[in-house]
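Residue-level structure breakdown
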Amino acid sequence: MDSFTERALRICALLAGTLVVGMLAIFVITGIGQDPLQYVHPAADYARLLLRNPPVLRAAIGLDNLFIMAYSAVFVLMASLRWRDGEARLLLVVGLALLLLLGLLDMIENFHFLAMLARAEQGHPPTDAEIGWQAVESMFKFHVSYLGLFVFGLALPRNSVRQRALVGLMVFVQWPVGVAIYVLPQSLALPLVFVRFAFFLAAFALVASIHGRRGASARVDASAAVPA
C-alpha cells in the first residue's frame with residue numbers, strides 16, 4: 001500500500017520541482033532573482049540590482065522561501081523512510097543535519113536580501129562590508145548543500161535504475177558543478193547555474209517517480225514475495 005509518508009514525499013518533491021520551474025521562469029523572463037545578489041558587486045551596482053524591480057524580487061524570494069520548506073520536508077521524509085531499513089544511519093544523520101543547516105542558511109540569506117531591499121528603498125544602500133558578508137554566506141550555504149547532498153546520496157538505496165540515477169546525480173554530478181560555479185570566470189560559470197537548476201529538477205522528478213504509486217506497489221509486492 002502507498003504509505004502516507006511516501007505520498008507526502010511525492011507531493012513535496014513535485015512541489016519543490018514546480019517552485020524551481022517558477023523561479024527559473026522569473027529569472028529567464030525578467031533577469032530578476034537572488035543569483036546576482038550572491039556575488040560581490042560595487043555598492044552602487046548592488047543597490048541597482050536590488051531596486052531594479054522590487055515586487056518581482058520579493059516574489060522570487062517568496063517562491064524560494066516556499067522551496068526551502070518543500071526541499072527540507074523532502075529530505076526529512078526520505079531520511080525517515082531510509083531509517084526504517086536500518087542501513088547507513090550515520091550517513092543519513094550527517095547528511096540530513098547538513099541539509100537542514102542548508103535550509104537555515106538559505107532562510108538567513110533570503111531574509112537578509114529582503115532587509116537590504118527594504119533599506120535600499122528607504123535610501124540606505126548596502127555597504128561594501130555587508131555585500132562581502134552576504135557573498136561569503138551564500139558561498140558557505142551552497143558548499144554546505146554540496147557536501148550534504150553528497151553524503152545523503154551515499155546513504156540512499158541503489159536497487160533500481162531510477163534510484164541509481166538519483167544517487168549518481170547526488171554523488172557524482174552536483175558537487176563538481178557547484179564548486180566550479182565559484183572558481184571559474186563568471187562568463188563560464190553562468191551556464192553552470194542553469195545546470196544546477198537542471199539538477200534540482202531532475203532530482204525532484206526522480207524522487208517523485210521513485211516514490212510514486214507504482215514504485216510503492218512494486219516494493220510491497222517484492223516484500224510479500226520474501227518468505228517469512
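Residues numbered from 1 in each chain as written. Predicted model: local features only at pLDDT ≥ 70, side-chain atom pairs only at ≥ 80, totals over all residues. Heavy atoms only, no water.

**Thoughts on the nonpolar core**
Ranked by internal contacts, the top residues of the largest apolar core, which has 51 residues, are F67, V74, M78, F152 and L166. Within the residue set of this core, elements represented by two or more residues are α1 (4-30), α3 (54-85), α4 (89-121), α5 (128-154), α6 (161-183) and α7 (186-210). At 11 residues, the largest contribution of residues to this core is made by α7. When near neighbours in sequence (up to four residues on either side) are disregarded, L166 contacts M78, L156, A203, L206, V207 and I210. With 11 residues, the next largest nonpolar core counts L37, F113, M116 and A120 among its residues. (Core = buried A, V, L, I, M, F, W, Y, C linked by side-chain atoms within 4.5 Å. Buried < 20%, exposed > 50% of the residue type's maximum accessible area, 1.4 Å probe, protein only. Helix = DSSP H or I, 4+ residues; strand = E, 2+ residues; numbered from the N terminus. Contact = heavy atoms within 4.5 Å.)

**Concerning empty space enclosed by the protein**
For the structure on display, the rule yields 3 cavities of 30 Å³ or more. In this model, the largest cavity occupies a volume close to 370 Å³. Surrounding the largest cavity, 24 residues form its lining, D64, F67, K141, F142 and F200 being those nearest its centre. For the lining of the largest cavity, the element with the highest residue contribution is α3, accounting for 5 residues. Of the residues belonging to the lining of the largest cavity, the class tally is 14 nonpolar, 4 polar and 6 charged. (1 Å grid on protein atoms, 1.4 Å probe; cavity = no way out; pocket = protein on both sides within 12 Å on 5 of 7 lines; lining within 4 Å. Points joined across faces, edges and corners; volume = space filled by probe spheres on them. Nonpolar A, V, L, I, M, F, W, Y, C, P; charged D, E, K, R; others polar.)

**Let's talk about the layout of surface pockets**
Take a probe with the size of a water molecule and roll it over the atoms, and the empty space left behind shows itself. Approximately 200 Å³ is the volume found for the second largest pocket. Taken together, F27, G31, D35, P36, Y39, L49, R52, Q186, A189, L190 and V193 make up the full set of residues lining the second largest pocket. Take the lining of the second largest pocket: its biggest share by element is 4 residues, from α7.

These results come straight from atomic positions and should not be treated as a statement about function.
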